[in-house]
Amino acid sequence: MKEHKEQDLSAELDLMEQDDAIIGRVFRWSLLLMIGLAVVVLTVIFSGRGEERPEPVAEARLAGPEQLSETSDRSPPQVHFSEVADDWGIDFVHANGAYGERLLPETMGSGVAIFDYDRDGDQDLFFVNGKSWPWREETAGATQRLYRNDGDRGFTDVSAATGVNLELYGMGVATADFDNDGWTDIFITAVGGNRLLRNMGGDHFVEVGAAAGVSGDDDVWSTAAIFFDADNDADLDLFVANYVEWSRDIDLEVDYRLTGIGRAFGPPANYAGTQAYFYLNNGDGSFTDKSEWVQVFNPATGEAMGKGLAVVPIDLNNDGWLDLVVANDTVRNFAFENLAGQGFRETGSDLGLAFDNAGHATGAMGMDTAAHGNNGDLAVAIGNFANEMTSFYVAQEGNGLFTDEAILMGIGPLSRQALSFGLFFFDYDLDGWLDFFQTNGHVEPEINIVQPSQNYRQASQLFWQCGQDCQRQYIPVADGRAGDLGMPVVGRGAAYGDLDGDGDLDIVITQSGDRPMILRNDQRTGHHWLRVRLDQGAAGQSPIGAVVTLSSGDVTQQRTLNPTRSYLSQMETVLTFGLGANSAVDGLWVLWPDGRAAEIPVPEVDLELRVAWPDGNGAAALAKKTNDHAQREFIH
């Protein structure tokens with residue numbers, strides 16, 4: 001007993017010494033801060049009457065919260081990502097039209113979609129492209145690009161053969177079967193009119209945006225888009241985020257400048273906001289414009305408020321109707337509560353999603369959402385501008401209210417210096433826990449001249465989920481432990497998918513004015529896995545919005561089928577579950593968008609399980625082994 005008391009006392013004294021050390025550090029920093037403020041005040045007093053000069057850009061030296069040391073003996077596994085764009089035949093180069101005037105769209109980049117356009121079981125790649133500006137006399141040629149996955153033979157450029165080689169200043173992409181014919185279509189957002197490409201049986205695409213009523217206005221800058229069933233009528237509706245009111249004349253009038261650089265790419269603070277588009281699917285190939293359902297006005301000015309760059313669907317209140325969260329750049333984020341298919345109500349501030357912990361709007365870019373901790377908690381992650389931590393909002397199970405837990409999760413401090421765009425949750429090592437990835441890159445090519453701590457090209461960041469028994473749930477994967485993933489990039493869009501059919505998830509990163517990175521996941525952990533592909537219904541109903549729950553050992557995972565994630569991009573629609581060392585699945589359940597539920601037997605692992613929409617006889621499934629393509633049907 002005495003020995004235990006002595007140990008307890010010793011531990012208490014150690015904690016007191018640590019507390020004293022912390023207090024001492026805080027006092028010293030406070031004293032230095034007061035001295036620094038005094039110097040600034042005296043400088044202003046004695047030099048304030050001099051000649052007016054342009055203000056130099058002061059680099060923010062933010063101390064921020066300390067990254068606490070990890071006390072768990074668990075560490076991220078050694079996993080190598082290999083850059084294989086050349087090897088796989090991907091020769092795409094993004095065109096941004098930049099010629100020296102520093103026009104804002106030139107630095108924002110474009111997205112990528114990973115999807116199976118020809119239904120051959122392989123994931124294909126669609127790259128959104130920009131082009132030269134119309135007032136410039138330059139040779140045309142930059143178009144949208146589609147690469148067909150030919151399996152072991154790599155990828156083939158089929159842009160011209162399929163008719164997707166359109167010239168427009170493209171930004172984002174959404175992929176889904178809008179007309180319920182069984183083939184995945186493509187929606188492209190742009191600076192100018194948007195495009196809807198109808199998939200004609202996997203052979204080619206036809207532009208039907210104007211006929212369908214979803215092209216939008218020619219003077220609007222659209223960004224993120226999402227197909228989802230807003231009114232639960234078994235066809236997919238369309239939401240399109242718009243960024244700012246922009247034209248070349250407006251850009252030149254704003255005339256953002258940095259001392260030492262001159263004209264520069266700046267934040268959207270001095271541009272007017274916009275309203276989003278929302279279209280209800282009529283079920284006959286056309287849409288009805290219901291944009292008034294998603295209008296948000298500044299209460300002080302009465303002007304449009306939105307500056308949207310990302311959107312994700314979430315059933316925020318578990319009422320069976322998909323809601324939307326919109327990430328806005330420098331104004332508060334929106335949460336649109338679905339009013340039973342009859343409209344939306346904006347509730348972002350009420351739910352805790354509108355601002356950061358200090359009550360400020362952030363420079364929000366990309367976004368993702370997931371049931372990330374295998375405990376029922378829901379997370380919404382948003383990448384932000386430099387000197388702003390990545391937002392990591394968490395709503396505990398059954399709570400419905402979000403708090404930003406970026407610091408507690410271990411992501412906040414290390415994300416502060418990066419300027420983050422595309423991000424997502426995915427299980428890169430197949431251990432059954434969702435990890436976190438974000439790609440970074442500054443908007444100003446010469447930022448290092450005025451802010452030495454910033455670079456235009458920045459390394460992407462990978463955080464391994466250690467689990468809830470660790471002091472911080474996410475641990476950064478150190479440089480050198482992820483191969484080519486740490487190469488500096490001008491990261492913009494980012495997406496994941498199994499591009500080589502080996503069961504693990506590869507990464508695609510788009511760059512502004514440069515080639516994409518194709519990062520093949522070469523993990524050799526020996527972990528088991530299961531991939532689940534949900535089929536469309538007999539009448540063409542889309543499985544988007546379905547919730548799949550898997551139990552294996554003492555871990556229960558949940559995924560929602562939603563390809564719209566990250567920044568201007570689309571993920572594959574096959575759901576990947578890592579199983580770690582477990583070689584069996586104890587239970588697999590699908591909650592379909594129409595409310596019906598089915599338990600699906602899983603005879604084996606390390607395969608792709610194809611699950612049919614339930615009919616009167618229950619749910620059918622087709623198992624396909626990835627390595628030998630042997631197929632077997634069974635009925636539940």
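You'll find the structure just up there.
Residues numbered from 1 in each chain as written. Predicted model: local features only at pLDDT ≥ 70, side-chain atom pairs only at ≥ 80, totals over all residues. Heavy atoms only, no water.

1. As for the overall build of the protein chain
Phase 1: Summing up its helical and strand segments, the protein chain has 8 helices and 43 strands in all.
Phase 2: Expressed as a percentage of the 636 residues in the protein chain, the buried residues total 55%.
Phase 3: Sequence separation of 24 or more characterises 60% of the internal contacts of the protein chain that already satisfy a separation of 6 or more.
Phase 4: A total of about 26,900 Å² of accessible surface is found on the protein chain, and carbon and sulfur atoms cover 50% of it. (Helix = DSSP H or I, 4+ residues; strand = E, 2+ residues; numbered from the N terminus. Buried < 20%, exposed > 50% of the residue type's maximum accessible area, 1.4 Å probe, protein only. Contact = heavy atoms within 4.5 Å. Areas by Shrake-Rupley, 256 points an atom, 1.4 Å probe, with all protein chains shown as cover.)

2. A word on the sheet that holds strand β20 (residues 367–370)
Phase 1: Spatial strand order, β20-β21-β22-β23: 4 strands in an open sheet with antiparallel pairing. Each edge of the open sheet is held by one strand with a lone partner, namely β20 and β23 (403–404).
Phase 2: Two strands pair when backbone bridges link them, and strand β22 (residues 391–395) and β23 are joined in this way by 2 bridges, in the antiparallel orientation. Paired with Tyr 393 across the two strands is Asp 404, which belongs to β23. (Pairing = 2+ DSSP bridges.)

3. Here we look at the sheet that holds strand β6 (residues 170–176)
Phase 1: The strand order β6-β7-β8-β9 describes an open sheet built from 4 strands, whose pairing is antiparallel. Both outer strands of the open sheet, β6 and β9 (204–207), are each paired with one neighbouring strand and no more. On average, each strand axis in the sheet is tilted by 25 degrees relative to the strand beside it, whichever way the strands run.
Phase 2: Looking at chain direction, strand β7 (residues 185–190) and strand β8 (residues 195–200) are connected through 3 bridges and run antiparallel. The partner of Ile 186 across the bridge, within β8, is Leu 197. (Axes fitted to C-alpha atoms, helices over the stretch in contact; angles between N-to-C directions.)

4. Observations concerning the pattern of salt bridges
Phase 1: Counted according to the given criterion, the structure contains 22 salt bridges.
Phase 2: Arg 565 is the salt-bridge partner of Asp 368, the closest N and O atoms lying 2.7 Å from each other. Highlighted residues: Asp 368 in strand β20 and Arg 565 in strand β36 (residues 564–565), separated in sequence by 197 residues.
Phase 3: Exposure remark for Asp 368: the relative accessible area of 0% places this residue in the buried category.
Phase 4: Through salt bridges with shared partners, one network takes in Asp 251, Asp 255, Arg 257 and Arg 263. (Salt bridge = Lys/Arg side-chain N within 4 Å of Asp/Glu carboxyl O.)

5. Brief notes about the packing of aromatic side chains
Phase 1: Inspection of the entire model under this criterion finds 33 aromatic pairs.
Phase 2: Aromatic pair Phe 228 and Phe 278: ring centres 6.3 Å apart, planes at 55 degrees, arrangement tilted. Of the two residues, Phe 228 sits in strand β10 (residues 222–228) while Phe 278 sits in strand β14 (residues 277–281), which places them 50 residues apart along the sequence. Here the two residues Phe 228 and Phe 278 agree in accessibility, since each one is buried.
Phase 3: Pairing Phe 392 with Phe 425 gives two aromatic rings, centres 5.7 Å apart and planes at 75 degrees, and the pair type is edge-to-face. Here the residue Phe 392 occupies a position in strand β22, and Phe 425 occupies one in strand β24 (residues 420–426), the gap between them amounting to 33 residues.
Phase 4: Looking at Phe 392, the relative accessible area reads 0%, which means it is buried.
Phase 5: A relative accessible area of 3% places Phe 425 in the buried class.
Phase 6: Through a chain of ring-to-ring contacts, three or more aromatic side chains come together here, namely Phe 228, Phe 239, Phe 278, Trp 293, Phe 334, Phe 336 and Phe 344. (Phe/Tyr/Trp six-rings, centres within 6.5 Å; stacked < 30°, edge-to-face > 60°.)

6. Section: a negative patch on the surface
Phase 1: On the surface, Asp 217, Asp 218, Asp 219, Glu 245 and Glu 303 cluster together into a patch of negative charge.
Phase 2: Tracing the chain through its elements places Asp 219 in the loop between α3 (209–212) and β10. (Patch = residues over 30% accessible without salt bridge, like charges linked within 9 Å, V, L, I, M, F, W, Y side chains within 5 Å. Lys, Arg positive; Asp, Glu negative; His and termini not counted. Charge placed at Lys NZ, Arg CZ, Asp CG, Glu CD.)

7. Notes on the side chain of Thr 107
Phase 1: Relative to the helices and strands, Thr 107 is located in the loop between β1 (81–83) and β2 (112–115).
Phase 2: Beyond its immediate stretch of four places on either side in the chain, Thr 107 contacts Phe 265, Val 443, Arg 492 and Ser 512.

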